[in-house]
Amino acid sequence: MSATGAAEASPLAPSRPGATARKFVRLLQASWQDALEYRLEGAVWFLYDLLPPLGMLLLWLGAYREGSVVAGYDVAGMVQYYLGVIALRTLLNPHPEWDLADKIATGKYGNVLLRPMPLVAYHLAGEVAWKGIRLLWLIPSFAVCAFALWPYLEAPTLSPAHWIAFLLSIPLGYLTAFFLKMILGYVAFWATNAEGIFVFAISIEMVFTGNFLPLQALPAWVQAIGEWLPFRYFYFFSTQILRGTLDDWALLEGLAAQVAWATAGYVLMRVVRSAGIRRYAAFGG
Amino acid sequence: MTVEASTGTIPGPPAWRVVRRHARLYLAIARYCLARDLEYRASLAFNLLRESLYALLQVAFVDIVFLNVDAVGDWTADRMLVLMGTYTLVSNLTYALFWETMTRLSSVVNSGELDLVLTKPVSAQFYVSVRRIAFMNFAPAAFGAGIAAWGMTRLGVNPSPGDLAAYAILCVSAVVTCYALWFMSVLGVFWTGRLQNAGAMFEPVVSLARVPSDTLRGPLRVVLTFVLPLAFVGTVPAQAILGIAEAWHVPYAIGTAVVAVFASNRLWRRALRSYSSASS
């Protein structure tokens, strides 16, 4: 039994890495079946990733004049930014907190704790499967948007370093968001109105992830606050890599920040979860 | 037996009595919902704050756009305040009146709770649509009205009584149209079954109403004006109070609201024919 596995798994769990991987794949398959069955629900949630940024893009398109540049973006750059946000947000923004809070509030989390596999793997499998369904909805929607906005599109001309950084930023951004939202979900161990807190968190997230506006368009003092928060590393950093405006040092700096935030998120998640589970033991029979 | 089911078989009471009965029921529901919300005052205060902050953020996002540009089409920053205020007012009035019922309708159908509703001596569509009121959303609606008024003050525009009347009619028509479209979108649960979040579909769709419809081009402008008339949620009422609406806007909005409610009732009746109860 590995030290990592022993620390991560629930008390009853045998945690050989190979066994955990097999369980993860099985759970992924089961979650995929579940997500496929509820694909129409996935389509409704997908609208939340698609339409608000699309609305902001339409607003910007009405604002651009001939040759104007806004916050460093020409009109084509702005279109590409929002299309990037739609695609990356759909795929990289997990939402484990809602299910987590529901299970904690209803007492079903006890069943999760007794499952013989690491908790992170359990939650990750469900989230990844649902992202697969979102991808099914994203592809045709993205194709329609790309067709309508074709005159503004051009293939990014990036160096190999940029492509490598982009590919690395995808899982790192996802894990950063995943661990931080798990912490948010664990708030339900203490709060009865966790949903209200989630809506607050979504409001803050919308500002600092660049979902509605590119961060460069925000007032300077808001940008300064955003520098100290993890949200920009969810997917905004990846959109900036695709723009090709970051130099090699900025790429390294961004990737290092993603690793740091993901690691801090993981450690903090475990601390919060341990404290929460001790409290949770007081409920149920 | 529902009113819909009884029509044509048993002579019903006079129309004025039906309207009076539904009005009294609605008042009783409003009193109940208010009492329920006031019982949990801390939660109500938190929710009021949350919804107001959320509305403020939506307005702030658009306002920030004007830190970077002078205008969106013909819409200057102050005009956009009027549009965003109107959008916030109309959307939150719709949420206040229908959010809880629309988001619960799926579970009402899937759990078989609808059986009980159908036995009540009132219109089933009326009952499932209005039996919960989210008072917390009246705060952001008032906030939206304030933002619109602030924009009018900054513009120095004094609307005439006719413009104010047109604005009120357009806002009410927009709420009614939004309700009907939302209700029809939720009815899909009768056929698909597994669509628990059908009620959540409306929020991202209506967010497109923040875009001034006259800045859109091509088929999208036609769709958002005539097919899915989101132009009448924000842009057109704002134009009315600014005194730049066109003569056909008000009658068209009223007609759209009437047709949308009629269509929602027809679809509801059709959906009920597909309903075979879910309870034991």
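Residues numbered from 1 in each chain as written. Chains lettered and ligands numbered in written order. Predicted model: local features only at pLDDT ≥ 70, side-chain atom pairs only at ≥ 80, totals over all residues. Heavy atoms only, no water.

S.K.: So what exactly am I meant to see when it comes to the overall build of chain A here?
M.R.: From N to C terminus, chain A includes 12 helices and 0 strands. Helices and strands in chain A line up, N terminus first, as α-α-α-α-α-α-α-α-α-α-α-α. Here the C-alpha atoms of chain A give a radius of gyration of 20 Å, agreeing with the 19 Å that 2.2 N^0.38 yields for 285 residues. Every one of the 285 residues in chain A was classed for burial, and the buried ones make up 52%. (Helix = DSSP H or I, 4+ residues; strand = E, 2+ residues; numbered from the N terminus. Rg over C-alpha atoms; globule rule 2.2 N^0.38 Å. Buried < 20%, exposed > 50% of the residue type's maximum accessible area, 1.4 Å probe, protein only.)

S.K.: Quick question: what am I supposed to make of the overall build of chain B here?
M.R.: What chain B contains, in helices and strands, is 13 helices and 2 strands. Against the 2.2 N^0.38 benchmark of 19 Å for 280 residues, chain B shows a C-alpha radius of gyration of 20 Å, consistent with a compact globule. Along the first, second and third principal axes, the C-alpha atoms of chain B reach 60 × 45 × 35 Å. The buried share of chain B, taken over its 280 residues, is 49%. For chain B, the share of sequence-separated contacts (at least 6 apart) that also reach a separation of at least 24 residues comes to 84%. (Contact = heavy atoms within 4.5 Å.)

S.K.: Would you explain the packing of helix 7 (residues 119–148) of chain A against helix 8 (residues 160–186) of chain A in this entry?
M.R.: Two numbers describe a pair of packed helices, the interaxial angle and the distance between the axes. All names here are of chain A. At a minimum axis distance of 12 Å, the contact between helix 7 and helix 8 shows a crossing angle of 115°. Remark: the crossing between helix 7 and helix 8 carries right-handed chirality. Here Val120, His123, Leu124, Glu127, Val128 and Lys131 of helix 7 lie close against helix 8, whose contacting residues are Tyr174, Phe178, Phe179, Met182 and Tyr186. (Axes fitted to C-alpha atoms, helices over the stretch in contact; angles between N-to-C directions. Left-handed = near helix turned anticlockwise from the far one by under 90°.)

S.K.: When you look at the layout of surface pockets in this model, what are you seeing that I'm missing?
M.R.: Once rolled over the atoms, a probe with the size of a water molecule shows which space is left empty. The space that makes up the second largest pocket amounts to roughly 800 Å³. Along its surface, the second largest pocket is lined by 26 residues, and Leu54, Leu58, Cys145 and Ala148 of chain A together with Leu220 of chain B are the ones closest to its centre. Every element with two or more residues in the lining of the second largest pocket is listed here: helix 3 (39–63) and helix 7 of chain A together with helix 11 (218–227) of chain B. The element that contributes the greatest number of residues to the lining of the second largest pocket is helix 3 of chain A, accounting for 8 residues. (1 Å grid on protein atoms, 1.4 Å probe; cavity = no way out; pocket = protein on both sides within 12 Å on 5 of 7 lines; lining within 4 Å. Points joined across faces, edges and corners; volume = space filled by probe spheres on them.)

S.K.: Mind showing me how you'd approach the interface of chain B and chain A here?
M.R.: Accessible area lost upon the coming together of the parts serves often as the stated size of an interface. Opposite the 39 residues of chain B that make contact, chain A presents 35 residues. Both sides of the chain B and chain A interface together cover about 3200 Å² of buried area, and 73% of this is carbon and sulfur. The three residues of chain B that bury the most area against chain A are Phe61, Arg194 and Asn197 of chain B, which together make up 20% of that side's buried surface. For the interface between chain B and chain A, the tally reads 0 salt bridges. Linking chain B to chain A there are 6 residue pairs in polar contact (both at pLDDT 80 or more). Contributions of two or more residues to the side of chain B that touches chain A are made by helix 3 (41–68), strand 1 (71–72) and helix 10 (202–206) of chain B. Residue contributions to the side of chain B that touches chain A peak at 15 residues, all from helix 3 of chain B. Looking at the side of chain B that touches chain A residue by residue, the class counts come to 24 nonpolar, 10 polar and 5 charged. (Buried area = accessible area lost by both parts, 1.4 Å probe. Salt bridge = Lys/Arg side-chain N within 4 Å of Asp/Glu carboxyl O. Polar contact = N/O pair within 3.5 Å; in protein donor to acceptor, adjacent residues only side chain to side chain. Nonpolar A, V, L, I, M, F, W, Y, C, P; charged D, E, K, R; others polar.)

S.K.: Is there a simple way to explain the nonpolar core in this structure?
M.R.: Nonpolar side chains in soluble globular proteins generally cluster together in the buried interior. Formed by 157 residues in total, the largest nonpolar core has its most connected members in Trp60, Tyr109 and Leu213 of chain A together with Leu114 and Phe190 of chain B. If you tally residues by element for this core, the top one is helix 4 (residues 77–110) of chain B, at 15 residues. In this structure Leu213 of chain A touches Met56, Trp60, Tyr81, Tyr82 and Leu218 of chain A together with Phe61, Ile64 and Val65 of chain B, once residues within four positions along its chain are discounted. Grouped together as the second largest cluster of nonpolar side chains are 7 residues, Ala166, Leu170, Phe232 and Val236 of chain B included. (Core = buried A, V, L, I, M, F, W, Y, C linked by side-chain atoms within 4.5 Å.)

S.K.: I keep staring at the environment of Trp163 of chain A and nothing clicks. Help me out?
M.R.: All names here are of chain A. Its place among the elements puts Trp163 in helix 8. Through-space distance from the C-alpha of Trp163 to that of Ala30 is 33 Å; in sequence the pair is 133 residues apart. If sequence neighbours within four positions are ignored, Trp163 has contacts with Pro156, Leu158 and Leu242.

S.K.: What exactly am I supposed to notice about a nonpolar patch on the surface here?
M.R.: Among the surface-exposed residues, Val222, Val223, Phe226, Val227 and Trp248 of chain B lie close enough to one another that they form a single nonpolar patch of about 440 Å² accessible area. Note on placement: Val222 of chain B falls in helix 11. (Patch = residues over 30% accessible without salt bridge, like charges linked within 9 Å, V, L, I, M, F, W, Y side chains within 5 Å. Areas by Shrake-Rupley, 256 points an atom, 1.4 Å probe, with all protein chains shown as cover.)

S.K.: Sorry if this is basic, but what is going on with the confidence of the model for chain A here?
M.R.: Close inspection of predicted coordinates is inappropriate in any region flagged by low pLDDT. Summing up the model confidence of chain A, the mean pLDDT is 87 and the portion of residues at 70 or higher is 93%. In the predicted structure, residues 1–7 of chain A sits below a pLDDT of 50 and forms 6 contacts with residues beyond four places in sequence or in another chain. (pLDDT = per-residue confidence, 0-100.)

S.K.: Honestly, empty space enclosed by the protein in this entry has me stumped. Any pointers?
M.R.: All names here are of chain B. In total, this model carries 4 cavities of 30 Å³ or more according to the counting rule given. Taken as a whole, the largest cavity holds about 70 Å³ of empty space. Sorting the residues of the lining of the largest cavity by element identifies helix 8 (161–186) and helix 13 (249–273) as the ones contributing at least two each. Among the elements that line the lining of the largest cavity, the one with the most residues is helix 8, at 5 residues. Taken together, the residues that form the lining of the largest cavity break down as 8 nonpolar, 3 polar and no charged.

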